[in-house]
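Here is what each chain is made of, one letter per residue.
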Amino acid sequence: AREENSRLAVDILSHEEEVNAATSSCEHSRIMLKERLRSVEALSHQRNEILKHRSNQQASTILATRAQQADAQAEEMLQDALSGEAMNASALADFRKRFVQQKMEKHWRLAIKA
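Residues numbered from 1 in each chain as written. Predicted model: local features only at pLDDT ≥ 70, side-chain atom pairs only at ≥ 80, totals over all residues. Heavy atoms only, no water.

1. Observations concerning the nonpolar core
Residues Ala74, Met77, Ala81, Phe95 and Phe99 constitute the largest nonpolar core, which totals five residues. Every element with two or more residues in this core is listed here: α1 (2-83) and α2 (89-113). It is α1 that provides the largest number of residues to this core, a total of three residues. Among residues more than four places away in sequence, those in contact with Phe95 are Met77, Leu78, Ala81 and Met87. (Core = buried A, V, L, I, M, F, W, Y, C linked by side-chain atoms within 4.5 Å. Buried < 20%, exposed > 50% of the residue type's maximum accessible area, 1.4 Å probe, protein only. Helix = DSSP H or I, 4+ residues; strand = E, 2+ residues; numbered from the N terminus. Contact = heavy atoms within 4.5 Å.)

2. Some remarks on the side chain of Lys103
Along the polypeptide, Lys103 turns up in helix α2. The class for Lys103 is buried, based on a relative accessible area of 18%. Among all residues touching Lys103, those that are not within four sequence positions of it are Asp71, Ala74 and Glu75.

Below, the structure is given as C-alpha cells:
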C-alpha cells in the first residue's frame, strides 16, 4: 500500500508542470476573454446609441415631410376655394373646418418633431 501511494505521489508530481501550464493558459484565456467582452459591450453600447440617434432622425424627417404635405393640402384647398365659385355658409364652414384641421396637423407634426 505504501508503494502504491508512493507511486501515485510520483505520478501526480510528474503531472504538476502540465497542470500549472494548463492553469496559466486558462487564466490567460480568461483575461483575454474579459477584455474582448468589454470591447463587445462598448461596441454594443455605441451601436445602440447610433440606432437611437438614427431612429430619431428618421422620425424627425418623416414628421417634417408629413407636415409639409398637410400644409400643401391646406394651401391647395385655399387656392381651390379662392378660384372657385362663391360658397354658401355650409360650404364655407366645411372649408374652414378642413383648412384649420390641415394647418393643425402641420403644426402638430412640427411640434412632435422638435
